[in-house]
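Take a look at the letters that make up each chain.
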Amino acid sequence: MNLAVRNLRSVQVLGIDAGGTMTDTFFVDANGEFVVGKAQSTPENEAIGLINSSRDGLSLWNMELGEALSQLNTGVYSGTAMLNRVVQRKGLKCGLIVNAGMEDFHRMGRAVQSHLGYAYEDRIHLNTHRYDPPLVPRHLTRGVVERVDMSGTVVIPLREDTARRAAQDLIAQDVEGIVISLLHSYKNSSHERRVRDIVIEEVAKSGKTIPVFASADYYPVRKESHRTNTTILEGYAAEPSRQTLKKISDAFKEQGTKFDFRVMATHGGTISWKAKELARTIVSGPIGGVIGAKYLGEVLGYNNIACSDIGGTSFDVALITQGELTIKNDPDMARLVLSLPLVAMDSVGAGAGSFIRLDPYTKAIKLGPDSAGYRVGVCWADSGIETVTISDCHMVLGYLNPDNFLGGAIKLDRQRSVDAIKKQVADPLGLSVEDAAAGVIELLDSDLRDYLRAMISGKGYSPASFVCFSYGGAGPVHTYGYTEGLGFEDVIVPAWAAGFSAFGCAAADFEYRYDKSLDINLAPDAPDGDRAKAAAVLQEAWDELTRNVLEEFRLNGYEADKVTLQPGYRMQYRGQLNDLEIESPIKSASTAEDWNAMVDAYNATYGRVYSESARSPELGYSVTGAIMRGTVPIQKPKIPVDTLHGDTPPEEAKIGTRKFYRKKRWVDAQLYKMEALLPGNRVTGPAIIESDATTFVVPDGFETFLDGHRLFHLKEV
């Protein structure tokens, strides 16, 4: 591409997925065309991996880094650094102020936290349960005298002197943040906000700079353990992550960017790294993939999508039904119960970098949950890894090209994998190296297949009603294995699967969201007057949340007239344990008719998510929360639409053959260069389709078709 043509391209959007193993970048130009870059993650300084990945992607457009970055309008980051900080319990030193007499509730936690993340066999035995150290230790917790009851009525007035003493004690302990979480403050926040003001006064007197976090300002929702944990995260993990994001933003500005990065939030939108509620970004990478699948489904007309993402450390699954995501309001993460709106996802700690070990007593194969991360496995001589990984099995079986990992940037050694698997897995089990490696892969694929089937059937659906999207750096390697026999309507592997989460970041709206807990209960035959009152209570909450949303956008340079507001609510049938998030069919609520419209929307959604026969309108309705979203428009990637060619791949797409082991035999697999395949081409297994960023395995008994959108459709033949 000559210089004159190159300068005509205007790069607009950058999406980033900084994973534990690889860092993906996704650039979108003014025409919606895109390119994907990939590099090893650099946990010690994320900016290095991001810039390396950016250079890799932009080289395909023959563009220099500075030239492209100077054109960008916006960039969206997703990553795992904040989650890792919480998992490893390496956050800031925070103090906690609660009700007097409640100083131990954070340390005690919820009972479920004693076995979160455990396998089933460990969940059912009490002697395997354990509690992690609290985010705030007991000696940094103080109590204040006050009490607001569950209805919001003041039972004991706030004793301000106790609040001052608590603040002074924590300041003297050199804490790096002070969190305030009082009982029922979501119903009546006056005491908690007064304590906040007193603490701020005392911090100012001390001459120190200590941020103060009151739960009523951040997460005014019920369930004190969830609310307290989440507010603590703002000081414990979000503040240091904010500094990391600042360094990334500054590093890119040095290379020519003129904007502040946005970050993928748990609810599926993006927010500024300067946002007040940064803990909402605790898990962002896997969310990007789901948002990308939703966007692709909207453009191409796929309504029911099973999203499956395999990276180096985990297998992440989410369902999109009738074009809608499910949002959890009280998820768990890092063995903590939280109060965050989170796109409903399930994860298994098994990915391409997962370690493989044998139980010393039963000789059973154990996969993960720990991983080699960016160090790949024993096959990389410089990794320092001694325990074999899934990637080592890939090497032994012929899945991966040892000379083309990351386009040849890293050279792998198959013999190292063979020797390690022989010693650690094959010999102890009395198997050949090939059968040991194949057995591990079959076990992994079987576990993932069962997990995917259970998630779909648990919602009352059949896989035949869903299109399965398979993506992530290791997704295309395992697609055939974990979808085989499930009977999906279609199985789709995007040609840009390795950067699909970054693609989702680029496709995500610039969106702020605020939530508030409510308690509205109405019988099915409630009179119109009660329905109108219920609508008015919800509207009052919407008004409060709207002010918060508009303030966040104002801080980012967007005035109210640029923001599109979308109210929502959480509703359930009275007496049920779980609610559903509903996008409101009306923009404001004040009448009985408005209430009826919201009930109709809930019933329709309930029938789609579960089934029409499960509806229970005779129980009446409860509104448990108000939601307000605000968005501003951004440039999004354009899905390719290319002319179809013939079934037969061009000869230049063939790059040789490689031995491939499956079902106890070696076969010669035809190798293809992914980028050289043309829309309309069909590839019948055994075949391996390689790109610099990923490898798509098509074994015997399978065939794939590349459509005009650069999507591979895999089917059993």
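Residues numbered from 1 in each chain as written. Predicted model: local features only at pLDDT ≥ 70, side-chain atom pairs only at ≥ 80, totals over all residues. Heavy atoms only, no water.

The protein chain is annotated in an unreviewed UniProt entry as 5-oxoprolinase (ATP-hydrolyzing) from Rhodomicrobium vannielii.

Some details on helix 18 (residues 592–609)
In a regular helix each residue adds 1.5 Å, so 18 residues correspond to 26 Å; helix 18 covers 26 Å between its end C-alpha atoms and thus fits that length. Listing the buried residues of helix 18 in full gives Ala592, Asp594, Trp595, Met598, Val599, Ala601, Tyr602, Asn603, Thr605, Tyr606, Gly607 and Val609. (Helix = DSSP H or I, 4+ residues; strand = E, 2+ residues; numbered from the N terminus. Expected span 1.5 Å × (residues − 1). Buried < 20%, exposed > 50% of the residue type's maximum accessible area, 1.4 Å probe, protein only.)

A look at the pairing of strand 1 (residues 11–18)
Extensive coverage of strand 1 is indicated by the burial of 8 of its 8 residues. Relative to strand 2 (residues 22–29), strand 1 runs antiparallel, the two being bridged by 7 bridges. Residue pairing in the sheet places Leu14 in a bridge with Phe27 of strand 2. Two strands pair when backbone bridges link them, and strand 1 and strand 4 (residues 74–79) are joined in this way by 6 bridges, in the parallel orientation. Its bridge partner being in strand 4, Ala18 is matched across the sheet by Gly79. (Pairing = 2+ DSSP bridges.)

A closer look at the packing of aromatic side chains
Pairs of aromatic rings are described using the distance from one ring centre to the other and the angle between the two planes. As enumerated under the stated definition, the model contains 29 aromatic pairs in all. With a centroid separation of 5.6 Å and 80° between ring planes, the pair formed by Phe510 and Tyr558 is classed as edge-to-face. Here Phe510 is found in strand 25 (residues 510–522), whereas its partner Tyr558 is found in the loop between helix 17 (528–555) and strand 26 (564–573), with 48 residues between them in sequence. Pairing Tyr602 with Tyr606 gives two aromatic rings, centres 5.8 Å apart and planes at 50°, and the pair type is tilted. Here Tyr606 and Tyr602 lie together in helix 18, a separation of 4 residues that amounts to about one turn. Chaining the aromatic ring pairs together yields one cluster made of Phe26, Phe34, Tyr295, Tyr471, Trp496, Phe500 and Phe503. One cation-aromatic arrangement involves Arg262 over Phe510; the distance from NZ or CZ to the ring centre is 4.9 Å. Sitting over the face of the ring of Tyr514, Arg280 holds its NZ or CZ atom 5.8 Å from the ring centroid. (Phe/Tyr/Trp six-rings, centres within 6.5 Å; stacked < 30°, edge-to-face > 60°. Lys NZ or Arg CZ within 6 Å of the ring centre and 35° of its normal.)

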